[in-house]
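# Structure at a glance
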Amino acid sequence: MGIEEKAGNLGIVTTTLETVVNWGRTNAMWPLLFGLACCAIEMMGAQASNYDLSRFGMELNRASPRQADLMIVAGRVSRKMAPVVRRLYDQMPEPKWVIAMGDCAACGGIFNNYAIVQGVDEVVPVDVYVAGCPPRPEALIDGIMMLHQKVMREKINGKKEAPIRIEHPLVQVK
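Since the structure is predicted, the reported quantities are computational estimates derived from the model, not experimental observations.

Conventions used here
Residues numbered from 1 in each chain as written. Predicted model: local features only at pLDDT ≥ 70, side-chain atom pairs only at ≥ 80, totals over all residues. Heavy atoms only, no water. Salt bridge = Lys/Arg side-chain N within 4 Å of Asp/Glu carboxyl O. Buried < 20%, exposed > 50% of the residue type's maximum accessible area, 1.4 Å probe, protein only. Helix = DSSP H or I, 4+ residues; strand = E, 2+ residues; numbered from the N terminus. UniProt positions renumbered as here; feature names shortened; annotations may be inferred. 1 Å grid on protein atoms, 1.4 Å probe; cavity = no way out; pocket = protein on both sides within 12 Å on 5 of 7 lines; lining within 4 Å. Contact = heavy atoms within 4.5 Å.

### Quick word on the pattern of salt bridges
Note that side chains of opposite charge can pair when their charged atoms are close. Enumeration over the complete set of coordinates arrives at five salt bridges. A salt bridge links Glu 94 to Lys 96; its shortest N-O distance comes to 3.8 Å. Lys 96 gets classed as buried once you look at its relative accessible area, which sits at 6%. With its nearest N and O atoms 3.3 Å apart, the salt bridge here joins Lys 150 to Asp 127. A residue pair is termed long-range when its members are at least 10 positions apart, and Lys 150 in helix H6 (residues 137–152) and Asp 127 in the loop between helix H5 (103–107) and strand S4 (128–130) qualify at 23 residues. Of the two residues, Lys 150 and Asp 127, both sit in the buried class.

### Focus: the UniProt feature "binding site: [4Fe-4S] cluster" (unreviewed entry) in the protein chain
According to UniProt, the "binding site: [4Fe-4S] cluster" (unreviewed entry) feature falls on Cys 38, Cys 39, Cys 104 and Cys 133. Over a stretch of 96 residues, the named residues converge on one spot in the fold, their C-alpha atoms separated by at most 10.0 Å. As for the annotated residues, the ones lining the largest cavity are Cys 38, Cys 39, Cys 104 and Cys 133. For Cys 39, the position within the fold is in helix H3 (residues 39–47). Accessibility expressed as a relative area gives 4% for Cys 39, which makes it buried. Leaving out residues up to four positions away in the same chain, Cys 39 has contacts with Ala 74, Gly 75, Met 101, Gly 102, Pro 134 and Pro 135. According to the relative accessible area criterion, Cys 104 is buried, its value standing at 9%. Discounting residues that sit within four places of it in the chain, Cys 104 has contacts with Gly 75, Arg 76, Gly 109, Phe 111 and Val 117.

Okay, structure coming up:
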């Protein structure tokens, strides 16, 4: 019984190894939840039944960095919390990606003082920035879709592209 008999009239599908590997990575991202402020409520809302991140293979939210490959930093990061964020990032297996959710995670937001890190990119490399205060669940899902597109363009050698900034149409930028 050869491949011709098993496939029937379906024909043969050809693709590259990079395409298959990246397809698997995008459809099985497991996020490490790192909610620090009000953005975490919107992140939880994106997981709920109205928006359902399970459609994108993200039904398993991990509390352990060793089982996650996507860190969603939602909210402001204090100077005291920054070493913890870095330690969790270092414990994640490769390949790993980071989404900075909200203005506080992206640039410190309205908290321009000594106690708040002015952007989580000072601590960990960020792949996608999602704007808003707090961003709606639709904006987070849009950011995840942009990350999926970025992962699909990655090469197997692990070289990453520049970060992506997202301004969702529902978020008023002034």
